[in-house]
Amino acid sequence: MRATAALALSAFLVAVSSSPAAAADPSPELTYRPEIDLPITVVGGAAWIASELAKKGLAPGSCRWCTANALDTSIRDALVWRGNPNTAHDLSNVTVLGVAPAAALGLTALAAWYDGRSDNIAADLVIVTEAMVVAMNTNQITKYIVGRQRPYAHHDNPDVLRAGEGPSGPLPHDDDLSFFSGHSTAAFSLAAASGTVASMRGYRAAPWVWANGMAIAALSGYLRIAGDRHYFTDVLTGAVFGAASGVLIPALFHAPRAGVASSGTRRFRLSLAPAGGGAGVGVAGAF
């Protein structure tokens, strides 16, 4: 295990050192105001925790959206883990609550350190966490309003309902909070925010941050369907919304300060423009 970790770290360091002269360039200074960003992050996190603790009073008493379309049903039938969906559920919790934040925050910090910009780490981590917290609170409000029935409840999945946590399934008062997936929202917002911050800073390891985060986020989405906790459209919506929040919150509110970076510094630009004949989001950089 130690040898594997050492090899992975070595590969990471070799890959990001492909342009050694770039390390000497100053990293763009992002717009960061701790007196504003820290309270937003802390209060937002506390609000999400409070909404979880108050689930009994906030969750709908019965489903408002009780039907399942053909697409969701067919994908659910193909991917759910027959006989052991709760293992997939447990793995999704480990992935989203442990692996995803550790990877997103850890790789962002490592990317800053490797470029000799350890002074960026605190601000970077607050910005990434802030984007995730804002996305999660929006997701929570939506789940309480929409009240979509979870697939295990809709299909009376005995492998979930007999798990011993109570008659309403894995968690009390959780049967009708399927849309949209909070796990996918959290994982994709972390992946996109950490990747966006790394790109905006011009870190050489930015591609690694993006690739690692998106792979973990995609895995978490699959596990939510395999665990019979969400339909495909729940996961897809969470992925799109989480990724959009992760890109737009840093790009719109923490863009590099004008005139701070030198003319030789790598630049990051987010553009909303036609792509291949249709609308799209473009990310461009000069390295």
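Above this text sits the structure in question.
Counting restarts for each chain, with residues numbered from 1 along the sequence as it is written. For a predicted model such as this one, the threshold for reporting local features is a pLDDT of at least 70, and the threshold for listing and counting side-chain atom pairs is 80 or more; totals across whole chains, interfaces and linings nevertheless cover every residue. Hydrogens and water molecules were not included; the side-chain quantities draw on all heavy atoms of the structure.

(A) Inspection of unusual backbone geometry at higher detail. Going from phenylalanine 179 to phenylalanine 180, the amide bond is cis rather than trans, its omega being -5 degrees. Numbering of helices and strands runs from the N terminus, with a helix taken as a DSSP run of H or I at least four residues long and a strand as a DSSP run of E at least two residues long. Looking at the secondary structure, you find phenylalanine 180 in the loop between α8 (158-161) and α9 (182-201). Positive phi values are uncommon outside glycine, yet aspartate 156 reaches one of about 50 degrees. Relative to the assigned elements, aspartate 156 resides in the loop between α7 (151-154) and α8.

(B) Spotlight on the pattern of salt bridges. Any carboxyl oxygen of Asp or Glu within 4 Å of a side-chain nitrogen of Lys or Arg constitutes a salt bridge here. Applying the stated rule across the entire model yields 13 salt bridges. For glutamate 29, the salt bridge identified is with arginine 117, shortest N-O distance 3.0 Å. Note that glutamate 29 is positioned in the loop between α1 (2-16) and α2 (34-53) and arginine 117 in the loop between α5 (85-114) and α6 (121-146), a separation of 88 residues in sequence. Only protein chains enter the accessibility calculation, which uses a 1.4 Å probe; a residue is then buried when its area is under 20% of its type maximum, exposed when over 50%, and partly exposed in between. Taking relative accessible area as the criterion, glutamate 29 reaches 23% and is therefore assigned partly exposed. Here aspartate 72 and arginine 148 are joined by a salt bridge, their closest N and O atoms 2.8 Å apart. Here arginine 148 lies in the loop between α6 and α7 and aspartate 72 lies in helix α4 (residues 70-79), a separation of 76 residues in the sequence. There is no split in this pair, since aspartate 72 and arginine 148 are both buried.

(C) Here's a closer look at the environment of lysine 143. With respect to the helices and strands, the residue lysine 143 is situated in helix α6. Classification of lysine 143 by relative accessible area gives buried; the value is 9%. Between the alpha carbons of lysine 143 and leucine 58 there is a distance of 10.0 Å; along the sequence they are 85 residues apart. Contacts are assigned to residue pairs that have any heavy atoms within 4.5 Å of one another. The contact partners of lysine 143, leaving out residues within four places of it in the chain, are Arg150, Asp176, Leu177, Phe179, Phe180 and Gly182.

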